[in-house]
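What the coordinates show
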Amino acid sequence: EDIRVYEFADKVRQPLSEVIKILFNLGMMVTKNDFLGKDEIEILASEFGVEVTTIDPKDAFNYEDSYEEDNEDSADLEERPPVITIMGHVDHGKTSLLDAIRNAKVAHGEAGGITQHIGAYSVEQHGKLITFLDTPGHEAFSSMRARGAQLTDIIVIVVAADDGVKPQTRESVKHAQEAKVPVIVAINKMDKPGANPDMVKAQMAELGLNPVDWGGDVEFVGVSAKAMTGIDELLEAILLQAEIMELKANPNNMAKAVVVESTLEKGRGPVATVIVQNGTLKIGDNIVCGSAYGRVRALISDRKAQLQKIGPSETAVVVGLSDVPPSGEILMVMESDKEAREFAQKRYEYDRHRELSHSTKTTLDELSSLIAEGRLKALKVVLKTDVHGSLEAIRSALAELRNEEVKVEVISSGVGGITENDVALVNNSENCMLVGFNVRPTGNVNAMAKQMGIKINTYSIIYQLIDDVTAMLTGMMAPQF
Ligand code: GDP
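Below: a short report on this structure. Only a predicted model underlies this, so the values are computations on that prediction, with no experimental measurement involved.

A few words on the overall build of the protein. Along its length, the protein carries 15 helices and 21 strands. The 481 residues of the protein split such that 47% are buried. Of all intrachain contacts in the protein linking residues separated by at least 6 positions in sequence, the fraction that spans at least 24 positions is 72%. Accessible surface for the protein amounts to roughly 23800 Å². Of this, 47% is attributable to carbon and sulfur atoms.

Encoded structure:
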């Protein structure tokens, strides 16, 4: 059972401020509504000399951690296909290119036929598979990254040959660089009379993506999604890049996969398109996926073929989950139905706790409207510190000190001694506190402050500073009856 800071204080019959202080002392910023972790509870328990038994759902829910691949024998590893995300500026042809690639190639030797959009698909080039995320744009990529699922091996950035680099092109480049994912540039709309691939190369080179034929290391491929030209060359470039990366996985392990899309389907119930990261997913496998669980009843390809299993980097729609999982969620195979069910239950409880915890925190929007309405009072702070590091640390610690009624607003901050300017600033503001960390007033500042009746608060221990500011905030709160 999770426990909040104030609940813990209640249980061990200690003042809340004492509990918070001990945690501050250890460098942990908490407010009374935050949940305590297992480690924190243990430290507090020993400080107060009380016995506690902890059952931490966080320990149990994280089934991903139980996945064994680190100690996998390298002899078990086999080459796996690359997973590709297509990004680029709106209207530069991401969707058209995804369609063109899919229509040009048939994967798995499956009979052609009507394809359905399931969020991902694979194509075959010279007997090798390539899997594409079929949701253009950044959202899918970002939401997966946010959940820690690094699914994409290579990013193809589409740039229209007649339009060149645009804001979302730059954004795509930034995404790729931040995620350290290699890039291939597809110069699209080469069929257009105004096509100018050299302009695209020059503009991309400016962003640090130097074309191979200019002596750099990024492949640029001219394509036309409309005229269906350059598709083979693009796929070749992808396979070449993949080869350099030596992408490997163990197809004989139990499967670990990532959800790329999901929905509730009439007749089938919850369905989720997954891409396998490691192992092989088979019909009949017991699975857990966030708070959903079940047994794989069917695996359906984007060409509506019923598959028996899918290996690393392959994709299919999974039928058989108890609930619709969010995209980016990890799906894992468990030894038994019981195990899958238990993990799902624990995750469900954990998610519920987290929701409760978040709902007690006021969102930024709510905060600004509270200030506008005059219901939220702000304690202004002028802050000076010795070094930049402590400035940032204290600023963020102060930002945490807020509730529905009061908050801290640092109106000025900087590195260096407390000056006459700082004192004047405090003098001209209501509800304002002058705070120095490891710094002293310079020159005549003390005399000036004294004359104006302004207190200079200096500290050399962060938690004492936080304590005092907290006390000020508490004083500003309306008495509760
Ligand atoms: P997205 O917003 O990046 O997904 O771009 P779309 O795939 O929707 O394409 C935007 C527009 O460009 C559509 O009108 C397409 O028909 C057109 N288009 C896409 N690729 C090509 C191409 O290779 N040549 C030409 N001439 N037009 C294209």
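The buried count for strand β10 (residues 269-278) comes to nine of ten residues, which makes it a mostly enclosed element. In this sheet, β10 lies alongside strand β9 (residues 256-265) in antiparallel orientation, the contact comprising nine bridges. What sits directly across from Thr263, in β10, is Val271. Linking β9 to β10, which pair antiparallel, is a turn of three residues; within it Gly267 sits at a positive phi near 90°. As paired elements, β10 and strand β16 (residues 315-321) share five bridges and run antiparallel to each other. Within the sheet, the bridge partner assigned to Val274 lies in β16 and is Ala316.

Phe8, Leu398 and Leu465 are the most contacted members of the largest nonpolar core, which totals 35 residues. Residue assignment for this core shows that the elements contributing at least two residues are α1 (5-11), α2 (16-25), α3 (38-48), β18 (377-385), α12 (388-400), β19 (406-415), β20 (432-437) and α15 (462-476). The element that contributes the greatest number of residues to this core is α15, accounting for six residues. Judged by nonpolar contacts, the second largest core, of 26 residues, contains Leu97, Ala100, Ile101 and Val221.

This part covers α12. Compared with the 18 Å implied by 1.5 Å per residue over 13 residues, the 19 Å span of α12 between its first and last C-alpha is a close match. Residues of α12 that are buried: Ser390, Leu391, Ile394, Ala397 and Leu398. The buried side chains of α12 occupy one side of the element, clustering within an arc of 140° when seen end-on. In the core, the buried residues of α12 are packed alongside β18, β19, β20 and α15.

Taken together, 15 residues surround the ligand, and among them Asp91, Lys94, Thr95, Ser96 and Asp191 come closest. The contact in question runs from an oxygen atom of the ligand to an N or O atom on the side chain of Ser96, over 2.6 Å. Interatomic distance of 3.2 Å between a side-chain N/O atom of Ser224 and an oxygen atom of the ligand. Relative to its free-state accessible area of 580 Å², the ligand is covered by the protein chains to the extent of 72%. With three residues, the top contributor of residues to the shell around the ligand is helix α5 (residues 94-104).

Time to look at the sheet that holds β20. Within a sheet, neighbouring strands are paired by backbone hydrogen bonds and run either parallel or antiparallel to one another. The sheet built from four strands is open, its strands ordered β19-β18-β20-β21 with parallel pairing. A strand with exactly one partner marks an edge of an open sheet, and here the two such strands are β19 and β21 (456-459). With direction set aside, neighbouring strand axes in the sheet form an average angle of 25°.

This part takes up the side chain of Ser313. Tracing the chain through its elements places Ser313 in the loop between β15 (309-310) and β16. On the basis of relative accessibility, which here comes to 1%, the residue Ser313 falls in the buried class. Side chain to side chain, Ser313 and Arg80 meet in a polar contact 3.1 Å long.

What counts as what
Residues numbered from 1 in each chain as written. Predicted model: local features only at pLDDT ≥ 70, side-chain atom pairs only at ≥ 80, totals over all residues. Heavy atoms only, no water. Helix = DSSP H or I, 4+ residues; strand = E, 2+ residues; numbered from the N terminus. Buried < 20%, exposed > 50% of the residue type's maximum accessible area, 1.4 Å probe, protein only. Contact = heavy atoms within 4.5 Å. Areas by Shrake-Rupley, 256 points an atom, 1.4 Å probe, with all protein chains shown as cover. Pairing = 2+ DSSP bridges. Core = buried A, V, L, I, M, F, W, Y, C linked by side-chain atoms within 4.5 Å. Expected span 1.5 Å × (residues − 1). Arc of directions from axis to C-beta. Near = heavy atom within 4 Å. Polar contact = N/O pair within 3.5 Å; in protein donor to acceptor, adjacent residues only side chain to side chain. Axes fitted to C-alpha atoms, helices over the stretch in contact; angles between N-to-C directions.

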